[in-house]
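Here is what each chain is made of, one letter per residue.
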Amino acid sequence: MSFISFRDIIQEENIDVPLASLLYARNIAYPDLNVDAYLHQLHLLSDQARQTVLPDTPVTKQSDDLARFLFNDQAFTGDKAAFADPRSSFLNDVLDNRRGIPITLSLIYLTLAEQLGIPAQGIGLPGHFIVAVFDGVRIIYRDPYNDGQTLTLEDCENLVRKTTGYDGRFLEDWLIPVTPQLILARMLNNLRITYAQMNRWEDTIAATEHLRLLQPDVTEYLRDLAIAHYNSGRLHRAAEFMEAYLQQTPDAPDAPMIRRMSSEIMARWARLN
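Rules used in this analysis
- Residues numbered from 1 in each chain as written.
- Predicted model: local features only at pLDDT ≥ 70, side-chain atom pairs only at ≥ 80, totals over all residues.
- Heavy atoms only, no water.
- Axes fitted to C-alpha atoms, helices over the stretch in contact; angles between N-to-C directions.
- Helix = DSSP H or I, 4+ residues; strand = E, 2+ residues; numbered from the N terminus.
- Parallel < 35°, antiparallel > 145°, perpendicular 65-115°, else oblique.
- Left-handed = near helix turned anticlockwise from the far one by under 90°.
- Contact = heavy atoms within 4.5 Å.
- Nonpolar A, V, L, I, M, F, W, Y, C, P; charged D, E, K, R; others polar.
- Expected span 1.5 Å × (residues − 1).
- Buried < 20%, exposed > 50% of the residue type's maximum accessible area, 1.4 Å probe, protein only.
- Polar contact = N/O pair within 3.5 Å; in protein donor to acceptor, adjacent residues only side chain to side chain.

Asker: What's the story with the packing of helix α10 (residues 220–231) against helix α11 (residues 235–248) in this structure? I'm lost.
Answerer: Helix packing geometry: the angle between the two helix axes and the distance between the axes. Here α10 crosses α11 at 165°, and the two axes come no closer than 8 Å. Compared by their axis directions, α10 and α11 come out roughly antiparallel. Two packed elements cross with a definite hand, and for α10 against α11 that hand is left-handed. Taking contact as the criterion, the partners of E220, L222, R223, L225, A226, H229 and Y230 in α10 are, on α11, L235, R237, A238, F241, M242, A244, Y245 and Q248. Its residues placed into classes, the contact of α10 with α11 shows 10 nonpolar, 2 polar and 3 charged.

In structure tokens, the structure reads:
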């Protein structure tokens, strides 16, 4: 599998999210990453889980048993410090360290659930990622960041309030399962934000370029690349991305500010040359 590129895998109809996430990890941070070894590790985990997650038991019990296997037996856990650590957005690091953020821990749960035949999907709540398991009658919401505990709808509402400060009406659309593309985009966006907060601009650019491959119609990535290139000292490249952003979104709310920045950058670049 390791010979497949990130660009290729995201063009497939059914994106293999674990594979794609390992490929971007290799591109951005770990050039010598053995992608196949980590895919094999996921398969080994599912093989081990089969000893306790039995196919002839109700889906609810399978879901409980998988949570117990991952968060008790295998000691995967949510870590507050991981939110400020870019490694928490790399699947290989989370598999190695057993610590992660909601979306990476959810990805591991979802991956094993798929391999075990448990019908589960990702739910991208604002500020917190969870999983939903469908038992044929009802939906069971689980929080892999908090040891896979089950959640009521009220719990989901409280999670959104706690993580975002939002105090409005809870929207049912937030409980619609997200696509593999959106899972990857959320992981990469977490990585981009973390790198930017650390002033690691080359890494910020790399993460944003992967986001552009994944969502080429999102024009805000052009603006974000402009800012990252500016902060890394590439003034002309920054101006190019600003102009591209303005051409595609001339009426954007931040267009006047971007125009001023572009003019200032070009004037500064001209003085340097």
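Asker: What am I meant to see in the environment of L182 here?
Answerer: Residue placement: L182 occurs in helix α8 (residues 180–197). In this structure, the C-alpha to C-alpha distance between L182 and G124, residues 58 residues apart in sequence, is 8.6 Å.

Asker: What's the story with α10 in this structure? I'm lost.
Answerer: Along an α-helix, residues three or four apart share an orientation, since each turn contains 3.6 residues. For α10, with 12 residues, the first-to-last C-alpha span of 17 Å sits near the 16 Å given by 1.5 Å per residue. Residues of α10 that are buried include every one of Y221, L222, D224, L225, A226, A228 and H229, and no others. Buried positions along α10 lie against α8, α9 (201–214) and α11. Looking at the residues trailing α10, positive phi occurs at G233, about 95°.

Asker: Please clarify how the side chain of R98 should be interpreted in this entry.
Answerer: The residue R98 is located in the loop between α5 (91–97) and β2 (99–100) in this model. Polar contacts involving the side chain of R98 include one to the main-chain carbonyl oxygen of L95, which spans 2.6 Å. Non-local contacts of R98, meaning those with residues more than four positions away in its chain, are made with Q41, L45, Q74, A75, F76, T77 and D93.

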